[in-house]
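Fold and geometry: a report
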Amino acid sequence: MAAEAGDGKPQPGRRPRSRLIVRLGALLVAHSVLVSVVCCIAGSIAFLLLPVLAKNTYVSENALMPGSANPMFSSHDVVEANRFLKEILDRGSAKVTGTEIAKLIGQHVVDVGAELYYHKFHPHGNQFHPLHFFSSITNTMEMQYNSSCTLFGLNSVGIIRAPRGDGKEAIVLVTPYNSQNIGQSEALSLGLAFSIFSLLSRVTWLAKDIVWLAADSRYGEYTAVDSWLKDYHNPLFLSNSGKIGTGVCFEENILHLLDQLKVKGPGYNIFKRAGTMAAALVFKVIEKKEKEERDSLTIYAEASNGQMPNLDLINIVHYLAVHRQGLRVKIGSMHSLLKAAWLKFVGEMLQLFGKLTKHLNPKWKFDITSAEYVEGTATLASSIYYQALGVPTGSHGAFRDYQVDAITLELSPRFSLNNENNRSAFLLRGGRLIEGVIRSVNNLLEKFHQSFFLYFLTAPHKFVSVGVYMIPFALLLAPLPIVSAALFSGNDNLGVSTEKVNQEPGCIGSSDTELRSGSWKWLQAAKVVFMIHLWAIIVSLLPYVLSQFPLTTPITLLLVWAALSICILLIFYLIFGACSTHCGWELLKSVMIAAASTGLSLMSVINFSTAQIGAMLIVPMCLLVQPLRKQMQAGVCRKAVLVICNLTIAVVGFPPVALLIAKGVCEDFGKAGVGAFWELAQLLWSWNSATYLYLLWIHLPCWVLCLHILLYPCIGRSSKA
Amino acid sequence: MATRDPVMTHWSRMFLLFLVLVPLTSSSPSSWATMHNNNWAVLVCTSRFWFNYRHMANTLSLYRTVKRLGIPDERIILMLADDMACNARNNYPAQVFNNENHQLNLYGDNVEVDYRGYEVTVENFLRVLTGRHDPAVPRSKRLLSDEGSHILLYMTGHGGDEFLKFQDSEELQSHDLADAVRQMKEKSRFKELLIMVDTCQAATLFSQLQSPGVLAIGSSMKGENSYSHHLDSNIGVSVVDRFTFYTLAFFEKLNMYSNASLRSLFNSYNPSLLMSTAYYRMDLYQRPSSEVPVTSFFGSVMKTVHTDAAYTGVSMPSEMEGSLFIEDGEHHRIMLENEPNQENLGNEEAKEVHCPYHAWLKTLQGRLDDTVADILLRYGFGTMILLLAISSWLSS
């Protein structure tokens, strides 16, 4: 069109203008080094700024109205709790069987006019099921078939039907206790739960049913709660019970139990249900050694794969605990960070900066004190760590698998519980808090949906929402595709027109004939990357094979695992090694970066915290890596910096080392042994943590490829990496 | 309705007309429009859910007040979007309170809810106002006002700039309201209309009103929120809104004979107590507010005036006739209002006592022209022959 119009003056030099977005992309790709440096620095700064950007929490759902009603939990209920506590301790000291306390609970539940049943379950071991990631629903009956008959736990469950409710929804209270060795604090939490339960059986305002689960935690509280939830949500019909083959012993045990538990009332071995669960509260009393000036409440919220309960649930608990009952609310924080000098320094810098901005414009609110910043960062770090680990921090995690919002409340008294007065005051506070939370949840009309599900907590009343914490991650991830494209196009230009100046001169000497194989040579690189990923998948499945063999100690298991992995890697190299050096390291790096960025983006959807921590390790590794031989050609100073950076990152990027550091920062270096890695891996897969998949499917192959590039034979062929 | 009735029904109808002695007026309808002769109230609570307890309590309080001041139940359309009394969360089953002292149960024996639950929709609300109902809708659910009616329209719920939320799912916009009022005016469904709204930004809901005779009171101006008055910590919810609370406080001092003016109601709103600025729209209303007693909207007159419309011919539906008798019975009820032209009305009635006779003759004449004349003629002849026979027998 333009050529037709321009009659006499053809412009041979002028190319058709491409679209703006293409030109912008080309500009970014052309300046990929600058872009990646800027993005990485900005990402790191934004990450450090997260505690500053945290907002105060607020109750978002109108219907909740926490604290609008006067608590009905009175001293009368405290007396009842104390009486129950005494009875438990009397029975507990006898230590006859594990069912004494269950019987006592059952008797009392029936006495207040609620429904009762016992739920018998068998503990299940930590088995590796390669196909069970993301699908936690299995039938406990199958497990019972495998396990021996003598191992079982007994949950006691009481249900109050809301007198005028529609029976479609329920609120669940959980008190774990060890039926074989009950301590005073566990007995107290049972007493507290019972007094609340008996109060709720008398009130007129219930719209949802109340389920009290006294979970037998002799095989771990999570197991008890989880198997109850599984049976709650997967009804077992009589028609197929025969074919599952629950075993003769099961029936025998039940009959045997019935004799032991002489509780009045019909059908206490029939599983009863009470509608969908609106929310669940796991609460327990813990006596702490260090004494504080106030009774305190610790909230645990992290469930599997970094899922969190709705923020509103935490909000109402925090509001009622602080503003109604005067408790001190705590959430987990990394104590090692609290004393870190560098963090204090950053905090002081930010404080200074905040003052400066306030001086410039009083409307800007960046003011955060150094102490607040350090505390916020420590809490944030623990929040990210526990989300990234993907392992629930308590038995509330079992509820999240069924999309039920649940938290664990750990109440700790200020003084010793032996003092009668202190104990009563403590019980009154705890009872009123839990009653208030139940009344507030009772007001709900729908599931929790108003507030956030994706957030980090920096304090019990401060949170960083998804919109804010995505920014550092996005900034870290942004350079990857750009650098990948830059490497790819740089290599392409090199292949097509050799006279063009290459931006990164140096190791281009691999013979021209190989490079001239056309634009499809990236397939060679892709093949290498694919093979490494395939290897990683095989490595991730090895533990399933290993668990079939009778190897016991974690150290041997770990060593066998590592040895097998390396063997398979070597075999892969022997078979496909011939082609791995054909393609040139730039293309290999480009494809590797593309694979890593895809993996990271996918992971950020599944478990954001893992992706965030992973990005902080992988991104610098991917961006900096260059063959060592090429680095040798640079100047002395630059060479040293490059080599040191590369080696450090390569060491830190190795998943076991990264895990060791993470564990060391969070807990203690001393505990970590070689076998700990196996245990950690076992922990991850037994909790179906996606972090395991990330580490072995994305992080490990990326690290191996980086190592491969580091040891890349630049000129000619040499030995394999 | 339009089918021809048997002759005897017509005859009996005419006799009934004679018996009740209702004057057929020949005066122009415009003179009737100026006369206030009945009161209606439409009370609407538009929000659902337990935490909106106070909106239902507001509406029920108003309901109780207008009933106490004399508007009977059949002239109150009560719309409640949810049933708080029977909510499972209600600490006091089947009771609703508007004060934490729990002195007064608003949900006693005598509450007639006309539209409840999911019936309270924008559509039904507009149908009530404009009178465009499905034929199956019972009379008790209709606003049967006429050109002499004073209507109180009270609405409470959650609102915003130029809208009022219904049921958490729809909205009534200020245009909708203005349009409905305009239609009511066109259809002569009211003489004066007082719209009282207790929502956030209530004033904005009146911005599109144009029809004369409309008076509007809102709890807050644009950009202001309307707040609840207090929380009942036994029930666990707020039980009344500030604007309604102070409106009720004003009416508690009144009985059905008091002459407090609308101006005094307006002046009773204290912005610092309401925490919002009450808004009055007076420009469409002719009478000065200081001269209009509040009872002209919140109370009731029971003067029965029969309009032309009710007696257009004898082919009127039979159900309408039924209502005539009831209204006739209320002829001698005490009048709450000192209407200026009340005496004139009496005179007119006295003058026009003889009119029905003419009307009867006229109708008879009309009948003769009709096809029924055949039968009439036959009967007439029969009677004449009978009379002839009797007279001849008597004379012989």
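Residues numbered from 1 in each chain as written. Chains lettered and ligands numbered in written order. Predicted model: local features only at pLDDT ≥ 70, side-chain atom pairs only at ≥ 80, totals over all residues. Heavy atoms only, no water.

**A few points about the interface of chain A and chain B**
Heads up, the rule is: In what follows, a contact means two residues having at least one pair of non-hydrogen atoms within 4.5 Å. Here the quantity called buried area is the accessible surface, traced with a 1.4 Å probe, that two parts lose on coming together, added over both. Just to be clear on terms, a salt bridge is a Lys or Arg side-chain nitrogen sitting within 4 Å of an Asp or Glu carboxyl oxygen. Here a polar contact is taken to be a pair of N or O atoms separated by no more than 3.5 Å, where protein atoms must pair a possible hydrogen donor with a possible acceptor and residues adjacent in sequence count only if both atoms sit in side chains.
On the chain B side, the residues contacting the 18 residues of chain A number 18 residues. For the pair chain A and chain B, the summed buried area comes to about 1,400 Å², and 52% of that belongs to carbon and sulfur atoms. Looking only at chain A, the three residues that lose the most surface to chain B are Ser68(A), Arg164(A) and Leu445(A), adding up to 39% of its buried area. If you look at where chain A meets chain B, you find zero salt bridges. Taken together, the links from chain A to chain B amount to 11 residue pairs in polar contact (both at pLDDT 80 or more).

**Some words on the nonpolar core**
All names here are of chain A. Rule in force here: Nonpolar cores are built from buried Ala, Val, Leu, Ile, Met, Phe, Trp, Tyr and Cys residues. Side-chain atoms within 4.5 Å join them into one set. Working definition: with a 1.4 Å probe on protein chains only, accessible area under 20% of the residue-type maximum means buried, over 50% means exposed, and in between means partly exposed. The helix and strand labels rest on DSSP assignments: H or I over at least four residues marks a helix, E over at least two residues marks a strand, and numbering proceeds from the N terminus.
Core analysis: the biggest nonpolar cluster contains 87 residues, and Trp535, Trp561, Met592, Leu600 and Ile618 have the highest contact counts within it. Per-element accounting of this core gives the leading share, 15 residues, to helix 28 (residues 690-710). Once you skip the residues sitting within four places of it in the chain, leucine 600 turns out to touch Phe473, Leu477, Leu480, Ala611, Gly614, Ala615, Ile618, Val619 and Tyr694. If you look at the next biggest cluster of nonpolar residues, it comprises 74 residues, including Ala81, Leu85, Ile196 and Leu409.

**Concerning the environment of Leu313(A)**
All names here are of chain A. The topology assignment puts leucine 313 in helix 11 (residues 311-324). The class for leucine 313 is buried, based on a relative accessible area of 0%. Discounting residues that sit within four places of it in the chain, leucine 313 has contacts with Ala279, Asp405, Ala406, Ile407, Val441 and Phe448.

**So, helix 4 (residues 122-130) of chain B**
The set of residues buried in helix 4 of chain B consists of Val122(B), Phe125(B), Val128(B), Leu129(B) and Thr130(B). At the exit of helix 4 of chain B stands Gly131(B), carrying a positive phi of roughly 75 degrees.

**A look at the packing of aromatic side chains**
Residue and element names in this part refer to chain A. For clarity, the threshold we go by: We call Phe, Tyr and Trp rings a pair once their centres come within 6.5 Å, taking the six-membered ring for Trp, and we label the pair stacked below 30 degrees between planes, edge-to-face above 60, and tilted otherwise.
Tallying each qualifying case throughout the model produces 23 aromatic pairs over all chains. With a centroid separation of 5.2 Å and an interplanar angle of 70 degrees, the aromatic rings of tyrosine 385 and tyrosine 386 are classed as edge-to-face. Looking at tyrosine 385, the relative accessible area reads 8%, which means it is buried. Aromatic side chains phenylalanine 473 and phenylalanine 608 sit 5.2 Å apart centroid to centroid with 70 degrees between the ring planes, which places their arrangement in the edge-to-face category.

**Overview of the side chain of Ser383(A)**
All names here are of chain A. Inspection of the secondary structure puts serine 383 in helix 14 (residues 370-389). Under the relative-accessibility criterion, serine 383 is labelled buried at 3%. At a separation of 3.4 Å, a polar atom in the side chain of serine 383 contacts the main-chain amide nitrogen of leucine 457.

**Here we look at a nonpolar patch on the surface**
Residue and element names in this part refer to chain A. For clarity, the threshold we go by: Each patch is built from residues lacking any salt bridge and having more than 30% relative accessible area; the joining distance is 9 Å for like charges and 5 Å for nonpolar side chains (Val, Leu, Ile, Met, Phe, Trp, Tyr). Method for areas: the Shrake-Rupley scheme with a 1.4 Å probe, in which residue coverage is limited to the protein chains shown.
Among the surface-exposed residues, Val33, Val37, Ile41 and Ile45 lie close enough to one another that they form a single nonpolar patch of about 360 Å² accessible area. By the secondary structure assignment, isoleucine 41 is in helix 3 (residues 32-53). Judged by relative accessible area, which is 48%, isoleucine 41 ranks as partly exposed.

**So, the sheet that holds strand 7 (residues 296-300) of chain A**
What holds strands together in a sheet is hydrogen bonding between their backbones, with the strands either parallel or antiparallel. Residues and elements named next belong to chain A. Note the threshold: A pair of strands is labelled paired if DSSP reports no fewer than 2 bridges between them. The angle between two axes is taken between their N-to-C directions and runs from 0 to 180 degrees, where each axis is a line fitted to C-alpha atoms and a helix contributes only its stretch in contact.
Pairing is mixed across the open sheet formed by eight strands, whose spatial order is 2-3-5-4-6-9-7-8. Each edge of the open sheet carries a strand with a single partner, namely strand 2 (115-121) and strand 8 (328-331). When strand polarity is set aside, the average angle formed by the axes of neighbouring strands in this sheet is 25 degrees. Two strands pair when backbone bridges link them, and strand 4 (residues 169-177) and strand 5 (residues 209-216) are joined in this way by eight bridges, in the parallel orientation. Note on strand 5: the bridge partner recorded for valine 174 is leucine 213. Those strands touched by helix 16 (residues 420-442) are strand 4, strand 5, strand 6 (276-285), strand 7 and strand 9 (405-412), and its axis lies near 170 degrees from that of strand 6.

**Side note on the pairing of strand 1 (residues 38-45) of chain B**
All names here are of chain B. We count it as follows: By the criterion used throughout, a crossover qualifies as right-handed when its path from the first strand across the helix to the second strand runs clockwise, the strands pointing away from the viewer.
Counting buried residues in strand 1 gives eight out of eight residues, a clear majority hidden from the surface. In this sheet, strand 4 (residues 149-156) lies alongside strand 1 in parallel orientation, the contact comprising eight bridges. From the neighbouring strand, valine 42 faces strand 4, where its bridge partner is leucine 153. As paired elements, strand 1 and strand 2 (residues 76-80) share five bridges and run parallel to each other. Note on strand 2: the bridge partner recorded for valine 44 is methionine 79. Handedness of the crossover is the feature at issue here: the chain leaves strand 1, passes through helix 3 (residues 53-68), returns alongside strand 2, and the resulting connection is right-handed.

**Looking at the pairing of strand 9 of chain A**
The buried fraction of strand 9 of chain A is high, at eight of eight residues. Of the two faces of strand 9 of chain A, both are covered, the one formed by Asp405(A), Ile407(A), Leu409(A) and Leu411(A) as well as the one formed by Ala406(A), Thr408(A), Glu410(A) and Ser412(A).

**Re the environment of Val211(A)**
All names here are of chain A. For valine 211, the location among the structural elements is in strand 5. Valine 211 gets classed as buried once you look at its relative accessible area, which sits at 2%. Residues within four places of valine 211 in sequence aside, it is in contact with Val157, Gly158, Ile159, Ala170, Ile171, Val172, Leu173, Trp228 and Ala274.

**Points about the confidence of the model for chain A**
All names here are of chain A. Test applied: pLDDT expresses, on a scale from 0 to 100, how confident the predictor is about each individual residue.
Model confidence for chain A is summarised by a mean pLDDT of 79, while 79% of its residues fall at 70 or above. Contacts from residues 1-11, a stretch scored under 50 in pLDDT, to residues over four places away or in other chains number zero contacts. Across residues 495-517 the pLDDT falls below 50, and counting only partners more than four positions away or on other chains, this stretch makes 25 contacts in the model.

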